[in-house]
Amino acid sequence: MTARIISGKALADELFAKVAAEAGRLARDHGLEPGLAVVLVGNNPASEIYVSSKSNKAVAAGMRSSMHKLPATASQDELLGIVRQLNDDRSVHGILVQLPLPPQIDTHQVIAAIAPAKDVDGFHPVNAGRLTTGLPALVPCTPLGCIRLAKTVHSSLAGLDAVVIGRSNIVGKPLAQLLLAENATVTIAHSRTRDLPAVTRRADLVFAATGRPQMVKRDWVKPGATIIDVGINRVAAAAGRQHIVGDVAFAEVAEVAGALTPVPGGVGPMTIACLMLNTLRAACGIAGLPVPDL
Ligand SMILES: NC(=O)c1ccc[n+]([C@@H]2O[C@H](COP(=O)([O-])OP(=O)(O)OC[C@H]3O[C@@H](n4cnc5c(N)ncnc54)[C@H](OP(=O)(O)O)[C@@H]3O)[C@@H](O)[C@H]2O)c1
């Protein structure tokens, strides 16, 4: 193995410690306790794990955390009612509605109902538009984490050729916008891209966000390139168990890449740390205090 393995866990711990220290300072100096409200509809086991770890982390950072659970049969109006209540709650600075939502719910309408100033997931069209036009915004947590991980290898991303595989609203598109803001030369690839391995082979930086287990192979990667693996895929393992792999064939790509994030322990922990950062930023923004640059 030649690639440097980028520890998302270590970087996330470092960021989390800074956020917790800043939250302590806000409480001490301004009597402000950032509050995160997490909304879960249904009982998808993966979503339940995600929301409880987000809530627990918020508490560990010295923030207020509340969980709002609705049954899988909840109606659009019930969910919108909760969102509006949280919009009006002055102790709540961040609102996160865990996705995916059940099929009877219009996800776009729910996201659009969240007050943009409390949209710590950064999915609201106002925040997406602000990001695209270069205005200060709450930015989606996973892309934020990806940029921070890439910057542990490259102090500047300016002029680098970056390929983002995936064009979802929650990962691929905002990640491409952040890379553009960092002056990278950005290609967004997707399921209709022709000869994807030839596209990724030209890249200094590859971000894989497809949900296709171990899709990026050794011969897709330019020697020395930095590979950030966003994928979280549950695949069958021995004895009926499941294990988690990324979108990158880790062992073979590690033989050619310059640096590579593992799964688990790469982008995942950074996503949660960036959610805490966004909650802190939202609280400062709402309170009219300077937003810390951590
Ligand atoms: N680590 C974290 O914290 C975190 C957070 C969010 C997501 N994730 C993971 O990241 C992955 C992507 O998530 P997502 O929400 O962005 O997924 P998504 O909404 O399903 O989007 C997947 C994207 O990948 C593209 N794609 C699919 N198959 C492809 C192929 N064979 N070749 C090229 N492109 C292909 C799709 O292209 P089309 O648009 O053409 O269909 C789409 O744009 C998933 O594994 C998810 O679990 C991780």
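Anything mentioned here points back to the structure above.
This text gives an overview of the structure that appears in the document.

Conventions adopted
- Residue numbering note: each chain is counted from 1, following its sequence as written.
- pLDDT decides what is reported in this predicted model: residues at 70 or higher carry local features, side-chain atom pairs at 80 or more are listed and counted, and totals for whole chains, interfaces and linings draw on all residues regardless.
- The side-chain quantities take in all heavy atoms of the structure and omit both hydrogens and water.
- A run of H or I in DSSP counts as a helix once it spans at least four residues, and a run of E counts as a strand once it spans at least two, with each numbered from the N terminus.
- Burial here depends on accessible area, computed with a 1.4 Å probe over protein chains only, as a share of the maximum for the residue type. Under 20% is buried, over 50% is exposed, and the range in between is partly exposed.
- Each polar contact in these results corresponds to two N or O atoms within 3.5 Å; when the atoms are within protein, one needs to be able to donate a hydrogen and the other to accept it, and residues that are neighboring in sequence are counted only if both atoms are side-chain atoms.
- Residue contacts follow a heavy-atom distance rule, with two residues in contact if any of their heavy atoms lie within 4.5 Å.
- Here, nonpolar core refers to any group of buried Ala, Val, Leu, Ile, Met, Phe, Trp, Tyr and Cys residues whose side-chain atoms link them within 4.5 Å.
- Here the bounds of each domain stem from an automatic or database domain assignment.
- Should a side-chain nitrogen of Lys or Arg be within 4 Å of a carboxyl oxygen of Asp or Glu, the pair is scored as a salt bridge.
- One heavy atom within 4 Å of a molecule or strand makes the whole residue count as near it.
- Note on areas: these come from Shrake-Rupley sampling with a 1.4 Å probe, and a residue is covered only by the protein chains present in the view.
- Any residue that is not Ala, Val, Leu, Ile, Met, Phe, Trp, Tyr, Cys, Pro, Asp, Glu, Lys or Arg is counted as polar, Gly included; the first ten are nonpolar and the last four charged.
- Strand pairing requires that DSSP identify at least two bridges connecting the strands.
- Comment: axis = line fitted to C-alpha atoms, over the contacting stretch for helices; angle = value between 0 and 180 degrees taken between N-to-C directions.

**Points about the side chain of glutamine 98**
Inference 1: For glutamine 98, the location among the structural elements is in the loop between strand 4 (94–97) and helix 4 (107–113).
Inference 2: For glutamine 98, a relative accessible area of 8% gives the class buried.
Inference 3: Engagement of the side chain of glutamine 98 in a polar contact is seen with the side chain of lysine 54, the distance being 2.8 Å.
Inference 4: The contacts of glutamine 98, once residues within four sequence positions are left out, are Val39, Leu40, Ser47, Tyr50, Val51 and Lys54.

**Considerations on the nonpolar core**
Inference 1: Formed by 54 residues in total, the largest nonpolar core has its most connected members in Leu179, Leu205, Phe207 and Met276.
Inference 2: Elements supplying a minimum of two residues to this core: helix 1 (8–30), strand 2 (35–41), helix 2 (45–60), helix 6 (141–150), strand 5 (161–165), helix 7 (172–181), strand 7 (205–208) and helix 10 (267–287).
Inference 3: Shared between two domains, this core holds at least three residues of each, these being domain 1 (30–116) and domain 2 (141–268).
Inference 4: Setting aside residues up to four positions removed in sequence, phenylalanine 207 forms contacts with Cys146, Ala150, Ala162, Val163, Val164, Ile165, Leu175, Leu179 and Ile228.
Inference 5: Listed in part, the 20 residues of the second largest apolar core include Ala189, Val206, Val216 and Leu260.

**Digging into the pattern of salt bridges**
Opposite charge on two side chains lets them pair, provided their charged atoms get close.
Inference 1: Per the stated rule, a full pass over the model turns up eight salt bridges.
Inference 2: Lysine 9 serves as the salt-bridge partner of aspartate 13, at 2.8 Å between the closest nitrogen and oxygen. Of the two residues, aspartate 13 and lysine 9 both sit in helix 1, four residues apart, roughly one turn of that helix.
Inference 3: A relative accessible area of 48% places lysine 9 in the partly exposed class.
Inference 4: Here arginine 25 makes a salt bridge to aspartate 29, at a shortest N to O gap of 3.5 Å. On the criterion of helical spacing, the pair formed by arginine 25 and aspartate 29 is a turn pair, its members being four residues apart in helix 1.

**Looking at helix 7**
Inference 1: Considered for burial, the residues of helix 7 that qualify are Gly172, Pro174, Leu175, Ala176, Leu178 and Leu179.
Inference 2: Among the structural elements, helix 5 (125–132), helix 6, strand 5, strand 6 (185–189) and strand 7 are those in contact with the buried residues of helix 7.
Inference 3: After helix 7 finishes, the residue asparagine 183 shows a positive phi value of roughly 70 degrees.

**Some remarks on the site of the ligand**
Inference 1: If you check the shell around the ligand, you find 22 residues, and the closest are Arg167, Ser168, Ser191, Val230 and Thr271.
Inference 2: Isoleucine 232 places a main-chain nitrogen or oxygen 3.1 Å from an oxygen atom of the ligand.
Inference 3: When the free accessible area of the ligand is taken as 930 Å², the share hidden by the protein chains comes to 71%.
Inference 4: For the shell around the ligand, the element with the highest residue contribution is helix 10, accounting for three residues.
Inference 5: Residues of the shell around the ligand, tallied by class, amount to nine nonpolar, eleven polar and two charged.

**A closer look at the sheet that holds strand 1 (residues 4–5)**
Inference 1: Taken in spatial order, the six strands of this open sheet run 1-11-8-7-5-6, and their pairing is parallel. What marks the edges here is a single partner per strand, and that holds for strand 1 and strand 6.
Inference 2: Pairing analysis gives four bridges linking strand 5 to strand 7, with the strands arranged parallel. Pairing of valine 164 across the sheet is with phenylalanine 207, part of strand 7.
Inference 3: Helix-sheet contacts for helix 7 involve strand 5, strand 6 and strand 7, and the interaxial angle to strand 5 is about 170 degrees.

Shape is all these values report; function is a separate question.
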